[in-house]
Amino acid sequence: MSTHPKRYEILLVPAHVEDRGGALSADSAVRSAVVELTGRYGASGYPIYEGHGVVADIDPETRAVEALLVDGRELDYGLVALVQDAPAA
């Protein structure tokens, strides 16, 4: 049985940002949120993470965001959700 990471940081970045690796993604984020594993699974079948107004189904293997709500609403067009390791607590 695999264990899922307990926390991630989700960055909401404008889609036009070309380099999505390294510091540029964090510098370009219009919002970020540290989300924690809830122990529940979403309709996508992936674990649900939530925190700071963000609820996301995240595939822990690929770090793909399969479903996302920001303050109870779908992500605005033109924004991309990126997942990275959460900063140390």
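Structure: see above.
This report concerns the structure included in the present document.

What counts, and at which threshold
- Residues numbered from 1 in each chain as written.
- Predicted model: local features only at pLDDT ≥ 70, side-chain atom pairs only at ≥ 80, totals over all residues.
- Heavy atoms only, no water.
- Helix = DSSP H or I, 4+ residues; strand = E, 2+ residues; numbered from the N terminus.
- Buried < 20%, exposed > 50% of the residue type's maximum accessible area, 1.4 Å probe, protein only.
- Contact = heavy atoms within 4.5 Å.
- Areas by Shrake-Rupley, 256 points an atom, 1.4 Å probe, with all protein chains shown as cover.

### Quick look at the overall build of the protein chain
Thinking step 1. Helix and strand content of the protein chain: 1 helix and 6 strands.
Thinking step 2. Each helix (α) and strand (β) of the protein chain, taken in turn from the N terminus, gives the series β-α-β-β-β-β-β.
Thinking step 3. Looking at the protein chain as a whole, 28% of its 89 residues are labelled buried.
Thinking step 4. Long-range contacts, defined here as pairs at least 24 residues apart, represent 43% of the contacts in the protein chain between residues at least 6 apart.
Thinking step 5. Here the protein chain displays about 5,600 Å² of accessible surface, and carbon together with sulfur accounts for 50% of that area.

### Describing unusual backbone geometry
Thinking step 1. Phi at histidine 52 takes a positive value of approximately 50°, unusual for a residue other than glycine.
Thinking step 2. Here histidine 52 shows up in the loop between strand E3 (47-51) and strand E4 (54-59).
Thinking step 3. Phi is positive for arginine 63, close to 65°, though the residue is something other than glycine.
Thinking step 4. Counting through the fold element by element, arginine 63 comes out in the loop between E4 and strand E5 (64-70).

Fair warning: the whole summary comes from geometry, so function is off the table for now.
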